[in-house]
Amino acid sequence: MDPTPQVTQLLRDLRLGDAQAVEALIPIVYGELRKLAAHYLRDERAALTLQPTALVNEAYIRLVAQDMPDWEGRSHFFGVAAHLMRQILVDHARRHRSQKRGGGVAAVTLEEAIAFAPSKSDDIIALDEALTRLAAEDERKARVIELRFFGGMTADEAAKALNISVATVGREQRLAEAWLHRELTRSA
Amino acid sequence: MNPQQWEVAGQLFEQALALPGGERTAFVDRQCAGDEELRSEVSSLLASHRAVAGGFVQERIQRAATAFFEATAHPPRVGPYRLMRELGRGGMGTVFLAERDDDQYRANVAIKLVRPGMDTEFILARFRRERQTLARLQHPNISRLLDGGTTDRGLPYIVMEYIDGPAVTVHADEAGLGLPARLALFRDLCSAVDYAHRHFIIHRDLKPGNILVGSDGVPKLLDFGICKLLQSEAVSADDTVAAPMTPNYASPEQIRGEPATPLSDVYSLGSVLYELVTGVCPRRFDGLTPVAVEQALTTRAVQPPSAAAAGKKWARQLAGDLDNVVLRALETDPARRYESAAQFADDVRRYLEHEPVQARPQTRRYRARKFVERHRGGVAAGAAILLALAGGLVASLYQARVAESRLQQVRSLADALVFDVHDAVRDLPGSTRARALIVKTGVSYLNSLIGTAQGDPRAETRLATAYRKLGDAQGDVHASNLGATSDAATSYQQAGALLDDALRRAPSDLEAVTERLTVSDRLGALQGYTGKVRDAVNTFQSAIRTAMPFESSGNVPLRMALGSIYINASEAYRDVEDYKGALHDSREALRIFGELAKARPDDTEARSSLATSYANVGMAEIGLLQLSDALTHFRSGVAEMERLAATDRQNASLKRSLMMAYGHIADVLGNPGVGNLGDRAAALQAFQRAAGLAKELYEADRANQRAVADYGIALSRVETVMDDGPDKVKVQRESMAILGEAVAIDASNLQLKVYETLVAQHLGDSLMKTGDRGSARDAYARSVQVAGPAVSSGQAPIVILFIQSAQRLARLDGVTGRRSEALDLGKRAVQAGESGPTRTRARAYAVPGFAYAALEESAARQPGDHEQALSWLRKSLDAWRAGKAEPGFAAAHQREMDQVAEALARLERR
């Protein structure tokens, strides 16, 4: 089954304001990312320096088979991809977070198979939550973080995606990072 | 902080950063003078900025990404499978979508992993055993169990066919299926459930969520037996399964925590059908507490589908037949539902093909009668029986194609399968041949299960119950039987051995104790029945000792079993003439059943046992010659029984008890063979009433040895109080003929021999009175012939009867000159009686005495006969004198003694 038309359609839907399109995209992107990861990680050393962003790029290329010269489209895709990446990582972390907080309801049956220390999953989850709180205060700053770190965009690309100057991107990023750090250390 | 303030904060932050480090604080203080909130915000942000080692956010994301990709690139593996994503969670485990690693062809499977912590050795062993059984389920509508194993860490898992599709109810809506299509789908499901039942597997958690329809449109049942596998059964000590997770589709008995049976699956199928045709669930318990659920079950009736299906275009079609079909499956009482999934499907078929449906209110007795009618005449070729879980008493008949080998396949005994005979079958007259059929199939099945039960007290108790019931069918003395007494003894002993083992492991298991009592009860009764009376006494007393520590537990089944043992124990004591012991034990029975009947007035078993207890007390009192007390007790017993019989005319065992009760009353009123109150007329009336009842039972089931014997015996009693004459002879002959019929069915019954001997003796006496010596001799000869071989049992009545009959015959033979026969009889009599109680010895010595005395006056006389006669008769009289001093000496004894004295006197005069 060729996912390409689906993805393109979903991207269009997204642009038109259909927020649910994101949900639908996740399993598709997930599938692609998984395959890519498998491919890349055959080399042990590569695993250590893995850039999720590079994978997202490739996934994009595979999913949307032709070059998309349309800046807006590309930018948009990476914006979505960044958001998706964030969703996927957080979701994965949530599901595999060890239930040390008592009441141990659901099973972490994969826990035994994954070398996944608890602190790691807590980290990303806390970051995600802090980022959501930041977005409530100042959406653009949260977006900058997302695009730069989850999406792997350069300052240039982020500026273009958000329609601001590169300098502004820098300022936004600095403040956002400080804020996030304060939030995360405060609640720790 | 509002957006404007935030804006300002941001600006200040940037400006401060442009300054050298030391100046920043001052700058902020200055700019924020007066606005503490602003100042604190900017300061803290600046502090964080300093602490941020560039890229701290980056780092976190990096780590998360790495972990994620590692996981997805090297997904967790379970055996040869790679887990891809989670599909859902259950009580004891989680289901994942997985694919097989080494295939060229990628197939998706579903893997269920057991949760860590649920991997005790006990569960693992059971898991393995059940998996093997489940793997054999191959049916187009059952999602196949493909594989199973344990992970590196030792967690068990199951691999199943993955069905990528929605629940059957959702599918039906999405595909726009009409009513006929839905019903056809449903019939496929029934066929799958029926198939599993025939493999002795019960689903226990049927619901739309467990019935998925893949892209091929074929509905498949999931989680067969897995629900049982993965429930936290190990937690509770008894074996009721934890309540199902979705009570909406579960049967009432499951919700109450009782063991599930195939009928529970029928109920669940009913709820699925209900939802398929109406779109809603028949009973909803969401958010209710367990107590509220229990209440709802009893108070809220299920709305008929035609009413609940408002909105569906076929709503009107549901009214009438289909309503009845669905509601029948949803009956709260399992006995009122369809007997099987196959039967359910068949009624649906009938509806589809416009045939009249079977769903009608049916009583248990009605069904039992149908069952019996189907098998009158014996042959339901190749029928086999579905064995239900303990607690669920259902026996149905299936066409068994490969009965033997299929039985051998069954190994799973986690919740033991218990063989049972439908209660109603036992009580209906005419059901003997049906039971023969059930017995035959049961034996091989049970024997195959012993190995599996070993070591598990619960399973052993259940299996023991099965053996006990098998024994009952083979030769229960108290119910209809087929006369296979030695087979029955083996079954009981097998049951006893299993229970002793179970009790060693679990000494205070009340259920096992109760069952042990029941088995001892049956075995002892059987021993008494076949003449091993000492063994019977021991069996009963040992059982009483076992039970006594538990009597105060108040457990009703245990007390009933104990009461029953006391009754049988008192009978055994009577057989060995220990009337004191008999009185004690029968009084205990009376006490127990008196209490039970009072506390549970609707319990017919308790009340009929109470009646029997009265009778037993009476019998013991007779032995101690407390005749009026005995009569009072017998009358109480009869009153109790007449009350019971009035409400249950068909009940054969009740009728029999009533017959026996009239017999007892008659005995004490006027049976010449025992001490009596001398009211012959009343006695005759009572005996005739008893004989009338016996005749009814005889005519209902001529193959039943018990019924035949009872009738013969009842007639023999009637004759004992009749006046001499041709009528009496007629009754005696009839009685002998019937008794002969009974002995032909089972020759090991000693009781019968006693009666046959007695009647023959009486017939001889009657004939002597008419002068027909030839026929009289035949009768006496018959009496001796029947009793002779039974003398070795040592049972008092038969020994006495033998000697008495021998005496009559010897006298007659002596008179007619048959010397060798007469003397031989004398020898045999002495042999039989000289080591017995005093009066028996006295009788024994009299026989050669009379023989010689008669010979002396016959053509075959020889010198020395006179002296011999004197010698023997003197011995006899001496013994009689000694015997007179012993308790229980009655008028009849006096008559016998007088006979000897007279004969002696005559001899001495010559």
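Quantities reported herein were computed from a predicted structural model and do not represent experimental measurements. (Residues numbered from 1 in each chain as written. Chains lettered and ligands numbered in written order. Predicted model: local features only at pLDDT ≥ 70, side-chain atom pairs only at ≥ 80, totals over all residues. Heavy atoms only, no water.)

### Some words on the overall build of chain B
Looking only at helices and strands, chain B features 38 helices and 12 strands. The buried share of chain B, reckoned over its 910 residues, is 57%. Long-range contacts, defined as pairs at least 24 residues apart, comprise 64% of the intrachain contacts of chain B with a sequence gap of at least 6. When the accessible surface of chain B is summed, it comes to about 38200 Å², and 50% of that surface belongs to carbon and sulfur atoms. (Helix = DSSP H or I, 4+ residues; strand = E, 2+ residues; numbered from the N terminus. Buried < 20%, exposed > 50% of the residue type's maximum accessible area, 1.4 Å probe, protein only. Contact = heavy atoms within 4.5 Å. Areas by Shrake-Rupley, 256 points an atom, 1.4 Å probe, with all protein chains shown as cover.)

### Things to note about the nonpolar core
All names here are of chain B. In terms of nonpolar packing, the biggest core is built from 53 residues, with Phe634, Leu658, Ile665, Val668 and Leu752 touching the most fellow members. Residue assignment for this core shows that the elements contributing at least two residues are α26 (604–623), α27 (627–647), α28 (652–670), α29 (680–700), α30 (705–720), α31 (726–745), α32 (750–770) and α33 (773–787). Here this core gets nine residues from one element, more than from any other, and that element is α28. Ignoring sequence-local partners within four residues, the contact set of valine 668 consists of Ile622, Leu627, Ala630, Leu631, Phe634, Asn676 and Leu677. (Core = buried A, V, L, I, M, F, W, Y, C linked by side-chain atoms within 4.5 Å.)

### Description of the confidence of the model for chain B
Residue and element names in this part refer to chain B. For chain B, per-residue confidence averages 78 on the pLDDT scale, and 78% of positions sit at 70 or higher. Long-range and interchain partners of residues 476–482, a stretch whose pLDDT sits below 50, account for 25 contacts in this model, where long-range means more than four residues apart. Across the interface, the model reports ipTM at 0.77; the global pTM reads 0.38. (pLDDT = per-residue confidence, 0-100.)

### Remarks on the environment of arginine 591 of chain B
Turning to its location among the elements, arginine 591 of chain B is positioned in helix α25 (residues 579–599). Each C-alpha atom of the pair arginine 591 of chain B and leucine 610 of chain B lies 8.7 Å from the other, and the pair is 19 residues apart in sequence.

### Looking at the packing of helix α7 (residues 139–150) of chain A against helix α8 (residues 155–162) of chain A
Residues and elements named next belong to chain A. Between α7 and α8, whose axes approach to 10 Å, the crossing angle comes to 135°. Relative to α8, α7 is oriented oblique. α8 is crossed by α7, and the crossing has right-handed handedness. Facing Arg143, Val144, Leu147 and Arg148 of α7, the residues of α8 in contact are Ala155, Ala158, Ala161 and Leu162. Across the contact of α7 with α8, the residue classes break down as six nonpolar, no polar and two charged. (Axes fitted to C-alpha atoms, helices over the stretch in contact; angles between N-to-C directions. Parallel < 35°, antiparallel > 145°, perpendicular 65-115°, else oblique. Left-handed = near helix turned anticlockwise from the far one by under 90°. Nonpolar A, V, L, I, M, F, W, Y, C, P; charged D, E, K, R; others polar.)

### Description of α29 of chain B
Residue and element names in this part refer to chain B. With 21 residues, α29 extends 30 Å between its outermost C-alpha atoms, agreeing within 8% with the 30 Å of an ideal straight helix rising 1.5 Å per residue. Every buried residue of α29 is accounted for by Ala683, Ala686, Phe687, Ala690, Ala691, Leu693, Ala694, Leu697 and Tyr698. The buried residues of α29 occupy an angular sector of 165° when projected down its axis, which confines them to one face. For α29, the exposed residues lying more than 90 degrees away from the buried face are Ala681 and Gln685. (Expected span 1.5 Å × (residues − 1). Arc of directions from axis to C-beta.)

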